[in-house]
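Coordinate analysis (summary)
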Amino acid sequence: MAYDTSFLGDLLDDDQFSVGDSHRDGHAADWGTPDDEAVRPDAVVWPESTADVSAVLAAANERGVPVTPYAAGTSLEGNATPARGGISLDVTRMDAVLDVRPEDFQVDVEPGVMGTEVDDAVASEGLFFPPLPSSGDISTVGGMIANDASGMQTVKYGEVADWVLELEAVLADGSVITAGSRAVKTSSGYNLKEFLVGSEGTLAVVTRATLELAGRPEQVRGGRALFPSLDDATAAVADAVRSGVDVATIELVDATSATMANAYTGTDLPDAPTVFLKFHANHGVEEEVAFCRSVFESHDVERFDVVDEDAMDDLWQARRDLAFAVQSYDPDLTPLHPGDVTVPISAYPEMVQYVTDLADERDLLVPCFGHAGDGNLHFSVLVDETDPDHVARGERTQDDVVERAIELGGTATGEHGIGRGKREYLVAEHGAATVDAMRRVKHALDPEDTLNPGKVFPETVDGGRVGDDVVDE
Ligand SMILES: Cc1cc2nc3c(=O)[nH]c(=O)nc-3n(C[C@H](O)[C@H](O)[C@H](O)COP(=O)(O)OP(=O)(O)OC[C@H]3O[C@@H](n4cnc5c(N)ncnc54)[C@H](O)[C@@H]3O)c2cc1C
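To keep things clear, this report deals only with the structure shown in the data block. Numbers given to residues run from 1 along each chain, matching the order in which its sequence is written. Local features in this predicted model are restricted to residues whose pLDDT is 70 or higher, and side-chain atom pairs enter the listing and the counts only when it is 80 or higher, whereas totals over whole chains, interfaces and linings include all residues. With hydrogens and water stripped out, all remaining heavy atoms of the structure feed into the side-chain values.

1. Some remarks on the environment of Phe17
- The helix and strand labels rest on DSSP assignments: H or I over at least four residues marks a helix, E over at least two residues marks a strand, and numbering proceeds from the N terminus. Position of Phe17 relative to the elements: it lies in strand S1 (residues 17-18).
- Relative accessible area serves as the criterion here: at 22%, Phe17 is assigned to the partly exposed category.
- For the pair formed by Phe17 and Thr5, sequence separation is 12 residues and the distance between their alpha carbons is 9.9 Å. Summary of the burial criterion: residues with accessible area below 20% of their type's maximum are buried, those above 50% are exposed, and those between are partly exposed, where the area comes from a 1.4 Å probe applied to protein chains only.

2. Here we look at helix H12 (residues 348-361)
- Helix span, as expected, comes to 1.5 Å for every residue beyond the first. Between the first and last C-alpha of H12 there are 20 Å, a value that for 14 residues agrees with the 20 Å anticipated at 1.5 Å per step.
- Restricting attention to buried positions, one finds in H12 the residues Tyr348, Pro349, Met351, Val352, Val355, Thr356, Leu358 and Ala359.
- Contacts were defined at the residue level, with two residues in contact if any of their heavy atoms lie within 4.5 Å. If you follow the buried residues of H12, they end up packed against helix H7 (230-243), strand S13 (249-253), strand S17 (339-342), strand S18 (368-370), strand S19 (376-379) and helix H13 (388-407).
- The first or second residue beyond H12 is Asp363, which carries a positive phi of 55 degrees.

3. A look at the sheet that holds strand S14 (residues 274-281)
- The criterion for strand pairing is that DSSP finds at least two bridges linking the strands in question. Taken together, seven strands build an open sheet; the order of strands is S15-S12-S14-S13-S18-S19-S17 and the sheet is antiparallel. Whereas interior strands pair on both sides, the edge strands pair on one side only; in this sheet they are strand S15 (303-308) and S17. The mean inter-strand angle of the sheet, taken between neighbouring strand axes irrespective of direction, is 20 degrees.
- Here two bridges tie S18 to S19, and the two strands are oriented antiparallel to one another. Among the inter-strand pairings, Phe369 is bridged to a residue of S19, identified as His378.
- Packing of H7 onto the sheet brings it into contact with S13 and S14, and relative to S13 it is tilted by some 165 degrees. Axis lines are fitted to C-alpha atoms, over the contacting stretch for helices. Their N-to-C directions set the angle, which ranges from 0 to 180 degrees.

4. A word on the pattern of salt bridges
- When a carboxyl oxygen of Asp or Glu lies within 4 Å of a side-chain nitrogen of Lys or Arg, that pair is called a salt bridge. Scanning all chains against the criterion turns up 24 salt bridges.
- Residue Arg182 pairs with Asp108 through a salt bridge whose shortest N-O separation is 3.0 Å. Here Arg182, found in the loop between strand S9 (176-180) and helix H6 (192-196), pairs with Asp108, found in strand S6 (residues 106-109); they are 74 residues apart in sequence, far enough to count as distant.
- Looking at Asp108, the relative accessible area reads 5%, which means it is buried.
- Note that Asp446 and Lys442 form a salt bridge whose closest N and O atoms lie 2.6 Å from each other.
- Note on Asp446: relative accessible area 0%, which makes it buried.
- What makes Lys442 buried here is its relative accessible area of 3%.
- Several salt bridges converge on common partners, so that one network encompasses Asp99, Arg101, Asp108, Glu166, Arg182 and Arg208.

5. Overview of the sheet that holds S1
- If you walk across this open sheet you meet the four strands as S1-S2-S4-S3, and the pairing is mixed. Of all strands in the sheet, those bounded by a partner on one side alone are S1 and strand S3 (67-70).
- Where strand S2 (residues 43-45) meets strand S4 (residues 87-90), three bridges bridge the pair, whose relative direction is parallel. Opposite Ala43, over in S4, you have Ile87 as the bridge partner.
- Sheet strands touched by helix H2 (residues 50-63): S2, S3 and S4. Its angle to S4, the strand with the most contacts, is close to 165 degrees.

6. Considerations on the packing of H12 against H13
- Two elements in contact, H12 and H13, have axes whose closest approach is 10 Å; the angle formed by their N-to-C orientations is 160 degrees. In this view, H12 runs roughly antiparallel relative to H13, as classed from their interaxial angle. Two packed elements cross with a definite hand, and for H12 against H13 that hand is right-handed. Where H12 abuts H13, its residues Glu350, Met351, Tyr354, Val355 and Leu358 lie against Thr397, Asp400, Val401, Arg404 and Ala405.
- In this count, Pro and Cys sit with the nonpolar residues alongside Ala, Val, Leu, Ile, Met, Phe, Trp and Tyr, while Asp, Glu, Lys and Arg are called charged and the others, Gly among them, polar. When its residues are assigned to classes, the contact of H12 with H13 shows six nonpolar, one polar and three charged. Our angle categories are set so that under 35 degrees counts as roughly parallel, over 145 as roughly antiparallel, 65 to 115 as roughly perpendicular, and the remainder as oblique. Crossings are classed by handedness, with left-handed meaning an anticlockwise turn of the near helix from the far one by less than a right angle and right-handed meaning a clockwise turn.

If you want it as structure tokens, here you go:
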């Protein structure tokens, strides 16, 4: 259905909204949305202030026009795709670093600031923003907060939620709230900030964030460890985390992924299960590396190279380029949607084994890699799109992997969010009563279902209005 957005002309300058085809096409999908699932919004708006966001939301809410926040569009589950049309609210013009307060380890930013720009702005103070996702250079702080992103350093520093102190946000009816506090701890009132982080633009639009920062470590080392088998590699990772080895990053790359990385980057890494590491410390980093080495030796590590920060880029190249390596590995095979499940660390070896066994059994190529220290597994099922049976087997495999992760006490998504792609697992993971409580939160803050409708919750009887009964529970 097409929505009348002519009211935008009364609220914004001419260069702040567009109903032109190219702008609408450019906001019809995010990275994870295939072309045939793209939905063109009726209009794109570029607010430049909190007041602009508030005015657009109040007017749209009154008229029943859906509004989907859009930032860099790097979401992988359709999170930023305007599933019901209406307005795509592009926050990328709100991209100022407002205030750096090194004495408090804090920075205030607008939501459209790119992740690595935060690091650039605070580097001269010896500070950094630790939970940046791998996409930190192509995605925004607002998108990271809305998806509760996390990254390679989460095993040591936690996820984005752990580094957000205070948020200014606009609710669906246009009212502006401040959630959280600049004090590092507070027990005052309901913790609305935690509701907003990870809500994927369905509860409010974030217009300003106060982030906490960390001091840059004095000592940094990079490592790469090769193992004779995947079992050894995953057991070594789980053991290192359980033993309290202080790693900043611990990433797994299975043999299939190593082969793909070699083909893409021209590296000559042995096609073996590989663990990439980073160590951060202010003192005693060599002791930590030695501790890690001893844990890995008890799991038959074949080779463990450790280098200084300067040489880390070369050592890590294969891991860095992996997402692109998987995509371009075989022109006859297309990666299905990238998988992102997380399980408790003790279940990680079993989870990875399950995926590789399924791949063998079903004759599929399924590279596995990811932020292993958090129990996070990324996997990509490659299919021959000309063969419907192959595609069906691939899709069944993706479902089976997510279901297995939930059975193992894990989650359907460690970092990419639910978006459109993972809605069917919400009830299996949380239970019907919990999902109903989530719906009631959504309904209380956004009774007209204005903000990013068609996301997070499973489809409902009339196509997804809040408050209706859930189908297929
Ligand atoms: C190559 C690649 C690597 C990736 N690696 C990682 C990774 O390591 N870890 C990880 O967690 N993710 C990763 N991602 C996923 C993605 O980059 C992150 O989720 C990122 O934080 C999304 O930010 P964005 O600016 O692109 O937001 P968008 O995709 O534009 O939007 C994300 C969601 O937030 C909402 N939104 C956007 N701005 C606001 C706002 N101001 N207020 C309220 N809601 C808002 C949107 O409606 C949408 O639901 C990766 C993606 C790619 C393509």
